[in-house]
Amino acid sequence: MRLLRLWPDESHFDFMRFRRFTFPLSALLSLATVALFLTIGLNFGIDFKGGTLVELQAKSGTADVASIRHTAAGFGFGEPEVQELGNQGTVLVRLPLQPGEQGQTAVMNKAHAAFDKDYDFRRTETVGPRVSGELVQSGTLGVVLSVVAVLLYLWFRFERELALGAIVGTLHDIVLTVGVFIITRIEFNMTSIAAILTIVGYSLNETVVVFDRTRELMRRYKTIPTVDLLNLSINSTMSRTVMTSISSSLSLLALVLFGGEAIKGFAVVMLCGVVICTYSAIFISTPVLIYLGLMLSGARAAAERSSVPQPAE
């Protein structure tokens, strides 16, 4: 019985020829992400910038989101964020942080006065500036330490050139994922940190699979040119890569379409991350080995032997 193959077994597609296009494209996108991060910044949620979150449940079973948004905007506390959860009449209202304890009390008083008649208050959370600042520091430290641990693993897992290629690909994926947050204006909160760390793991998995095959082929083919070796590595793992990315994307697409607003932002970022990681493993991490000067051990030894004068017979 023949197993399902989404990529031909004997494919010889030349992926490396696209590096002259993908490298400038990724460099441009990365620089644009850095520029947008410094100018526009992330859309921090209540976890990081502080404020009040109220979960309302419509007594009638149907929530009027437009009316809630209009009413909350009239409080005079800044632009509110109103998000419907599913279709059961549940709504999340986020109001900006107000100065002083009395400011937060005034927010809740106006919210109760405006919504008590038609809605039940199921949950109320207030995050002050000190707590939000600590969350920013803890979240940033957690991401940095996790990335450093991954980079150290890559350095000890592979030879120098392979490790550097994997590190470049992982950093590339993190930067572009942050760019997704900036462009889409998806709220950046504690869940977003989980999304970034998950994408780092996915990126690592994709890269390790290709580079393991690259190292295996380096031992098998002693004199094959580097470009041909890298193409062979990608082609031989492409069926697995396609299967993994398609299955992951379909699962995440289902969450985007049917998971509701509460998880939609996370699912969108993860879906974009899967695409970015798959693209990176093929067109960034692997081609960068060419520029890092990857040499096969057999080719290096052959070159050294050829440089030694041979005794005359």
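Residues numbered from 1 in each chain as written. Predicted model: local features only at pLDDT ≥ 70, side-chain atom pairs only at ≥ 80, totals over all residues. Heavy atoms only, no water.

**Q** I'd like a rundown of the environment of A195, residues and numbers included.
**A** Structurally, A195 can be placed in helix α7 (residues 190-220). Owing to a relative accessible area of 1%, A195 belongs among the buried residues under this scheme. Between the C-alpha atoms of A195 and G273, which are 78 residues apart in sequence, the distance is 8.7 Å. (Helix = DSSP H or I, 4+ residues; strand = E, 2+ residues; numbered from the N terminus. Buried < 20%, exposed > 50% of the residue type's maximum accessible area, 1.4 Å probe, protein only.)

**Q** So what's going on with the pattern of salt bridges? Residues and values would help.
**A** Applying the stated criterion across every chain yields a total of seven salt bridges. The partner of E55 in a salt bridge is R122, and the shortest N-O contact between them spans 3.9 Å. On the criterion of sequence distance, the pair formed by E55 in strand β1 (residues 51-58) and R122 in strand β4 (residues 119-127) is long-range, its members being 67 residues apart. Using a relative accessible area of 52% as the deciding quantity, one classes R122 as exposed. A salt bridge links E187 to R94, with the shortest nitrogen-to-oxygen separation between them at 3.5 Å. Of this pair, E187 sits in the loop between α6 (160-184) and α7 while R94 sits in strand β3 (residues 90-96), placing them 93 residues apart in sequence. Across this residue pair, the class does not change: E187 and R94 are buried. (Salt bridge = Lys/Arg side-chain N within 4 Å of Asp/Glu carboxyl O.)

**Q** Please provide a residue-by-residue account of α7, values included.
**A** Taking 1.5 Å of rise per residue, 31 residues should cover 45 Å, and α7 covers 46 Å from first to last C-alpha, within 8% of that figure. Where α7 begins, one side-chain oxygen reaches toward the backbone nitrogen of T191, 3.1 Å away; that side chain belongs to N189. (Expected span 1.5 Å × (residues − 1). Polar contact = N/O pair within 3.5 Å; in protein donor to acceptor, adjacent residues only side chain to side chain.)

**Q** Give a description of the side chain of T22 that names residues and reports values.
**A** Residue position: T22 is located in helix α1 (residues 19-39). Once residues lying within four places of it in the same chain are set aside, the contact partners of T22 are Y279, F283 and I284. (Contact = heavy atoms within 4.5 Å.)

**Q** Which residues make up the confidence of the model for the protein chain, and what values go with them?
**A** Mean pLDDT over the protein chain: 81, with 86% of residues reaching 70 or higher. At the level of individual helices and strands, the protein chain shows its lowest average pLDDT in helix α11 (residues 297-307), which scores 43, and its highest in α1, which scores 94. Contacts from residues 296-308, a stretch scored under 50 in pLDDT, to residues over four places away or in other chains number 10 contacts. (pLDDT = per-residue confidence, 0-100.)

**Q** Account for the layout of surface pockets, with residues named and values stated.
**A** Estimates place the volume of the second largest pocket at around 440 Å³. Here the element with the most residues in the lining of the second largest pocket is helix α5 (residues 129-157); it accounts for six residues. Residue composition of the lining of the second largest pocket, by class: 15 nonpolar, three polar and no charged. (1 Å grid on protein atoms, 1.4 Å probe; cavity = no way out; pocket = protein on both sides within 12 Å on 5 of 7 lines; lining within 4 Å. Points joined across faces, edges and corners; volume = space filled by probe spheres on them. Nonpolar A, V, L, I, M, F, W, Y, C, P; charged D, E, K, R; others polar.)

**Q** Before we move on, could you go through the packing of aromatic side chains and cite the residues and values that matter?
**A** Inspection of every chain in the model, using the stated rule, returns 10 aromatic pairs. Judged by centre distance (5.9 Å) and plane angle (15 degrees), the rings of F13 and F18 are stacked. Taking 6.0 Å as the distance between ring centres and 85 degrees as the angle between the ring planes, the aromatic pair formed by F18 and F283 counts as edge-to-face. Here the residue F18 occupies a position in the segment before α1, and F283 occupies one in helix α9 (residues 261-285), the gap between them amounting to 265 residues. Connected via pairs of aromatic rings, a cluster forms that spans F13, F15, F18, Y279 and F283. Positioned above the aromatic ring of F13, the side-chain terminus of R17 is 5.5 Å from the ring centre. (Phe/Tyr/Trp six-rings, centres within 6.5 Å; stacked < 30°, edge-to-face > 60°. Lys NZ or Arg CZ within 6 Å of the ring centre and 35° of its normal.)

**Q** Give a detailed account of the packing of α1 against α6, specifying residues and quantitative values.
**A** The angle between the axes and the distance between the axes are what describe a pair of packed helices. Their axes nearest at 9 Å, the elements α1 and α6 cross at an angle of 50 degrees. Judged on the interaxial angle alone, α6 and α1 are oblique. The two elements α1 and α6 cross, and the hand of that crossing is left-handed. Across from S26, L29, S30, T33, L36 and F37 in α1, the residues of α6 making contact are H172, V175, L176, V178, G179, I182 and I183. Grouping the constituent residues of the contact of α1 with α6 by class yields eight nonpolar, five polar and no charged. (Axes fitted to C-alpha atoms, helices over the stretch in contact; angles between N-to-C directions. Parallel < 35°, antiparallel > 145°, perpendicular 65-115°, else oblique. Left-handed = near helix turned anticlockwise from the far one by under 90°.)

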